[in-house]
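The lines below spell out each chain.
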Amino acid sequence: MYNNKPYIKLFIVTSLCIATFLASASNDQESESTELSDANIAAIVVGANKIDISAGHIALKHSDNEQVKKFAKLMVVDHQSVLDAAVELVTRLGVVPENTELVDTLSEQSQQHEATLKTLSGEAFDKAYIDHEVAYHQAVIDVIEKQLIPAANNAELKALLESVLPAFKAHLDHSLMIQQKLS
Amino acid sequence: MRVLANLFLMMVITMFQFNLAIAQNNQDMVQSKAPVTHHVAIKNFAFVPDTIDVAIGDKIVWTNTDGFPHNIVNSRSQEILSQTLDKGDEFSYIVNQDLNYECGFHPSMRGNIQLSRP
């Protein structure tokens, strides 16, 4: 029998790292939110959505749980919608996304998370994927509310951020519902 | 003879007034039972309003104003009632019972149609 326990442990540590990093980034820059440019915000929005789309594709391939697959499909569709809207907006505004430390860290941790997910199967995979989705959405909502919206200079970019928040909150509620059922 | 004629006239007038009252009452009853159309906006991942009081035969019209797909699913039976609603799409439903519903894509979005309007 395949032993998933070490990977679950690694996953939990990774998830906590993401949440802690995003939370600390949010707190550190709460009072200096103007430091983030619209180009930085665009890069964060694009990066954060790509990460969840990618994780969703992995879940669609690896999970056998219908609820988890349905959620993963939704993540792919909804985050692609946000991504498309963001790309359309920044293209129209002539904003070229500019990476920040946050994007680099998210990207690095996402790669670790995906590598971990690919080693898991069955219930261990479902739990790891959904637990991460809960932590990820909680952290991203926090960053959007406390960091990105206050820092956005362009009114349309600010409106886009405000309009995607309900979607992310619905995803968080949905992932919490599945998390409860899995446990 | 004149007395009889007066009596007859009074009876005719009374019957006319009685019929008029009945007709008015029937008209009021028809008006109170006329179906009403209720509009529910799907906005910011919520049904607005999320609870509505209706009567059997009323029409509910949902309009999706979000840039994300939503639909209407019976929470109890999980029957999918509407097609996928993209931004600007509408779905109409004639009420024939109480209905607790949700979005099939985003189950945290919930609404309630209750039969309480006379």
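Quick caveat: nothing in here was measured; it's all calculated off a predicted structure.

Conventions we followed
- Residues numbered from 1 in each chain as written.
- Chains lettered and ligands numbered in written order.
- Predicted model: local features only at pLDDT ≥ 70, side-chain atom pairs only at ≥ 80, totals over all residues.
- Heavy atoms only, no water.
- Helix = DSSP H or I, 4+ residues; strand = E, 2+ residues; numbered from the N terminus.
- Buried < 20%, exposed > 50% of the residue type's maximum accessible area, 1.4 Å probe, protein only.
- Areas by Shrake-Rupley, 256 points an atom, 1.4 Å probe, with all protein chains shown as cover.
- Salt bridge = Lys/Arg side-chain N within 4 Å of Asp/Glu carboxyl O.
- Core = buried A, V, L, I, M, F, W, Y, C linked by side-chain atoms within 4.5 Å.
- Contact = heavy atoms within 4.5 Å.
- Pairing = 2+ DSSP bridges.
- Polar contact = N/O pair within 3.5 Å; in protein donor to acceptor, adjacent residues only side chain to side chain.

1. Regarding the overall build of chain A
Okay, so step 1: Scanning chain A from N- to C-terminus turns up six helices and zero strands.
Okay, so step 2: N-terminal to C-terminal, the α/β element order of chain A is α-α-α-α-α-α.
Okay, so step 3: For chain A, the proportion of its 183 residues judged to be buried stands at 51%.
Okay, so step 4: For chain A, the accessible area works out to roughly 8,800 Å², and carbon and sulfur atoms hold 55% of it.

2. Notes on the pattern of salt bridges
Okay, so step 1: Inspection of every chain in the model, using the stated rule, returns six salt bridges over all chains.
Okay, so step 2: One salt bridge in this structure joins Arg110(B) and Glu102(B), with 3.1 Å as the shortest N-O distance.
Okay, so step 3: We classify Glu102(B) as buried; its relative accessible area is 7%.
Okay, so step 4: Through salt bridges that share partners, Glu88(A), Arg92(A) and Glu156(A) make up one connected network.

3. Some remarks on the nonpolar core
Okay, so step 1: Tyr129(A) and Trp62(B) are the most contacted members of the largest nonpolar core, which totals 66 residues.
Okay, so step 2: Considering each element in turn, this core owes the most residues, 13 residues, to helix H5 (residues 122–151) of chain A.
Okay, so step 3: The residues touching Tyr129(A), leaving out its near neighbours within four places in the chain, are Ala55(A), Gly56(A), Ala59(A), Val68(A), Phe71(A), Ala72(A), Met75(A) and Leu117(A).

4. Notes on the pairing of strand E4 (residues 59–64) of chain B
Residue and element names in this part refer to chain B.
Okay, so step 1: Pairing of strand E1 (residues 37–43) with E4, which is carried by six bridges, proceeds in the parallel orientation. Opposite valine 40, over in E4, you have tryptophan 62 as the bridge partner.
Okay, so step 2: One ladder, built from five bridges, connects E4 with strand E6 (residues 90–94); its direction is antiparallel. Across the sheet, residue lysine 59 finds its bridge partner in E6, namely isoleucine 94.

5. Some details on the pairing of strand E7 (residues 99–102) of chain B
All names here are of chain B.
Okay, so step 1: Across two bridges, the pairing between strand E5 (residues 73–74) and E7 is antiparallel. The residue of E7 that forms the bridge with valine 73 is glutamate 102.
Okay, so step 2: Pairing of E7 with strand E8 (residues 110–115) involves four bridges; the strand directions are antiparallel. Within E8, the residue paired with glutamate 102 across the bridge is arginine 110.

6. Side note on the environment of Ser183(A)
All names here are of chain A.
Okay, so step 1: For serine 183, the location among the structural elements is in the segment after helix H6 (155–182).
Okay, so step 2: With relative accessibility at 77%, the residue serine 183 sits in the exposed group.
Okay, so step 3: Linking serine 183 and methionine 75, residues 108 residues apart in sequence, is a C-alpha distance of 21 Å.
Okay, so step 4: Reaching out from serine 183, the side chain makes a polar contact with the backbone oxygen of glutamine 180 at a distance of 3.0 Å.

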